[in-house]
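Overview (structure and organization)
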Amino acid sequence: MPLERAEYLSNVWKEGIFNGRVAFVTGGAGSICSAQTRALVHLGANACIIGRNVEKTEAAAKDIATARKGAKVIGIGGCDVRDPEALKKAAERCANELGGIDFVIAGAAGNFVAPISGLSSNAFKSVMDIDVLGTFNTVKATVPYLIESARRNQYPTADGLTGGRIIYVSASFHYTGMPFQAHVSAAKSSVDSIMASVSLEYGPYGITSNVISPGAIENTEGMLRLSSSKTTKAQIAASVPLGRWGTIRDIADATVYLFSDAGNYVNGEVLVVDGANWRLKTGN
Ligand code: HXC
């Protein structure tokens, strides 16, 4: 069953605000990144999603394409973000088949729950490699296309269409620390740090670079991996200051904001979308 618009996009956004734009999304078959991509496609963009699993990635691309009649969504499976050459080829294919790259979502990530005593060096390194090296490789492979897009779409554009933008999907638990997540916390801190460097290094080209940090988002692979079987859904909701789980729509809406004409002057920022959960943990 294809998702209804209300499940992945609020009704405040106008149709067509991403007409002719192209999004390149790593981890695009995952629950959060596929919703982000679906929202962009719904509002006019075409997209290329990257993943390791061929069948899963191709099926997700087909499904996301149903968000808008005439949408083109390419699924490039068998592409590991740890492999810079594979990513470079994927970016080339995206640009050749869809006409460029205007938006990048660096979303590919690895996660499992493990105490430090049960975490081998290789396990720690695997997550660091997927999240950190993968993010670096993604930026490196796509930035030549983003420079071109930002050049074509210099602020203020006549039609309000934007280009040359990056969003990194991070998390919010590493701002306070989280047990059994030393590997992921270290990786997500580094992702935030790459975002900051890119915002300064490529800001002068007109490229914006921002992090979205999701909190507890319901029905996502990340939360399935993180939730302990002893904690109920209601207990998790009650622990968030806003009293509810986040939704994939909350993350998709934040994405649309940052890529839209409304997000023109936001660069080098972390947009935490977690109902203020991380602040509660700091005692603020
Ligand atoms: C301890 C583990 C482990 C576990 C794997 N390893 N699972 N150690 N506890 N549960 C160890 C292995 O034993 C091995 O170490 C090392 O990790 C590498 O494992 P491989 O399976 O060989 O690596 P690879 O195939 O590259 O898989 C990477 C992975 C895997 C991260 C381990 O889980 C994966 O592919 N994940 C991708 C999908 C994913 O995680 N999605 C969730 C994203 S959500 P040894 O020493 O034995 O060689 C997300 C959200 C976070 O990130 C924020 C939420 C709010």
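In this text, all values refer to a predicted model and were calculated from it rather than measured experimentally.

On to the overall build of the protein. Per the secondary structure count, the protein includes ten helices and seven strands. For 284 residues, the compact-globule estimate of 2.2 N^0.38 gives 19 Å, and the protein sits close to it at 18 Å. Projecting the C-alpha coordinates of the protein onto the three principal axes gives extents of approximately 50 × 40 × 40 Å. Burial status across the protein gives 46% buried among its 284 residues.

What follows deals with the nonpolar core. Among soluble globular proteins, nonpolar side chains are generally buried collectively. If you look at the biggest cluster of nonpolar residues, it comprises 79 residues, and the most contacted ones within it are Leu40 and Ala47. The biggest single contributor to this core is helix α5 (residues 121-152), with eight residues. In this structure leucine 40 touches Phe18, Ala23, Ala45, Ala47, Phe103 and Phe259, once residues within four positions along its chain are discounted.

This part covers the site of the ligand. Around the ligand sit 20 residues, and of these Gly110, Asn111, Ser120, Ala123 and Gly222 come closest. Taken together, the elements giving at least two residues each to the shell around the ligand come down to α5 and α7 (221-226). Looking at the shell around the ligand element by element, the count peaks at five residues for α5. Residues of the shell around the ligand, tallied by class, amount to eleven nonpolar, seven polar and two charged.

Before going further, it helps to spend a moment on helix α4 (residues 84-98). Because the α-helix completes a turn every 3.6 residues, residues three or four places apart line up on one side. An ideal rise of 1.5 Å per residue puts 21 Å on 15 residues; α4 measures up with 21 Å between its terminal C-alpha atoms. The complete set of buried residues in α4 reads Leu87, Ala90, Ala91, Cys94 and Leu98. Down the axis of α4, the sector holding all buried residues measures 100°, keeping them to one side. In α4, the exposed positions that point more than 90 degrees away from the buried face belong to Glu85, Asn96 and Glu97. Buried-residue contacts for α4 involve β1 (22-26), β2 (46-50), β3 (73-76) and α5. Downstream of α4 by one or two residues, glycine 99 has phi in the positive range, about 95°.

Turning our attention to the packing of helix α2 (residues 31-42) against helix α9 (residues 248-259). The N-to-C vectors of α2 and α9 enclose an angle of 50°; their axes lie 8 Å apart at closest approach. Here α9 runs oblique to α2, going by the angle between their axes. Here α2 runs over α9; the crossing is right-handed. On α9, the residues touching Ser31, Ile32, Ala35, Gln36, Ala39 and Leu40 of α2 are Ile248, Ile251, Ala252, Thr255, Val256 and Phe259. Per-class residue counts for the contact of α2 with α9 are nine nonpolar, three polar and no charged.

Time to look at the sheet that holds strand β6 (residues 208-214). Spatially, the seven strands line up as an open sheet ordered β3-β2-β1-β4-β5-β6-β7, and their pairing is parallel. Each edge of the open sheet carries a strand with a single partner, namely β3 and β7 (270-273). Looking at each pair of strands side by side, their axes are set apart by 15° on average, direction ignored. Of the strands in this sheet, β1, β2 and β3 touch α4, which is tilted by about 160° from β3.

Moving on to the packing of α5 against helix α6 (residues 182-202). Viewed as axis vectors pointing N to C, α5 and α6 meet at an angle of 15°, and their least axial separation amounts to 8 Å. By the angle between their axes, α5 is roughly parallel relative to α6. As for the relative orientation of α5 and α6, their crossing is right-handed in sense. Residues Ala123, Phe124, Val127, Met128, Asp131, Val132, Thr135, Phe136, Val139 and Val143 of α5 form the contact with α6, whose participating residues are His183, Val184, Ala186, Ala187, Lys188, Ser190, Val191, Ile194, Val198 and Tyr202.

Moving on: the environment of valine 169. Within the secondary structure layout, valine 169 lies in strand β5 (residues 165-169). Look at valine 169 and you get buried, because 27 C-beta atoms sit within 10 Å. For the pair valine 169 and asparagine 210, spaced 41 residues apart in sequence, the C-alpha separation works out to 9.0 Å. Setting aside anything within four residues of it in sequence, one finds valine 169 in contact with Ile32, Cys33, Ile105, Ala106, Gly107, Ala109, Ile212 and Pro214.

Rules used in this analysis
- Starting afresh in each chain, residues are numbered from 1 along the sequence in its written order.
- Thresholds applied to this predicted model are a pLDDT of at least 70 for local features of residues and 80 or more for the giving and counting of side-chain atom pairs; totals over whole chains, interfaces and linings are not thresholded and use all residues.
- Put simply, DSSP marks the helices as runs of H or I at least four residues long and the strands as runs of E at least two long, and each gets a number from the N terminus on.
- C-alpha atoms define the radius of gyration in this analysis, and the globule rule sets the expected value at 2.2 Å times the number of residues to the power 0.38.
- Whether a residue is buried, exposed or partly exposed follows from its count of other C-beta atoms within 10 Å of its own C-beta, namely 20 or more, 12 or fewer, or something in between, respectively; the C-beta atoms are built from the backbone.
- When buried Ala, Val, Leu, Ile, Met, Phe, Trp, Tyr and Cys residues are joined through C-beta atoms within 7 Å, the set is termed a nonpolar core.
- Each residue gets a C-beta atom placed from its backbone, and two residues are in contact if those atoms lie within 7 Å.
- Here, nearness means that the C-beta atom of a residue, built from backbone geometry, sits within 6 Å of the molecule or strand in question.
- Throughout, the ten residues Ala, Val, Leu, Ile, Met, Phe, Trp, Tyr, Cys and Pro are labelled nonpolar, Asp, Glu, Lys and Arg are labelled charged, and all others, Gly among them, are labelled polar.
- Expected helix span is taken as 1.5 Å per residue step, with the number of steps being one fewer than the number of residues.
- As used here, the arc is the angular range of directions from the helix axis to the C-beta atoms.
- Fitted lines through C-alpha atoms give the axes, limited to the stretch in contact for helices. The angle between two N-to-C directions lies from 0 to 180 degrees.
- Every angle not falling under 35 degrees, over 145, or within 65 to 115 is termed oblique; those three ranges are roughly parallel, roughly antiparallel and roughly perpendicular.
- Crossings are assigned a handedness: left-handed for a near helix turned anticlockwise from the far helix by less than a right angle, right-handed for a clockwise turn.
- A pair of strands is labelled paired if DSSP reports no fewer than 2 bridges between them.

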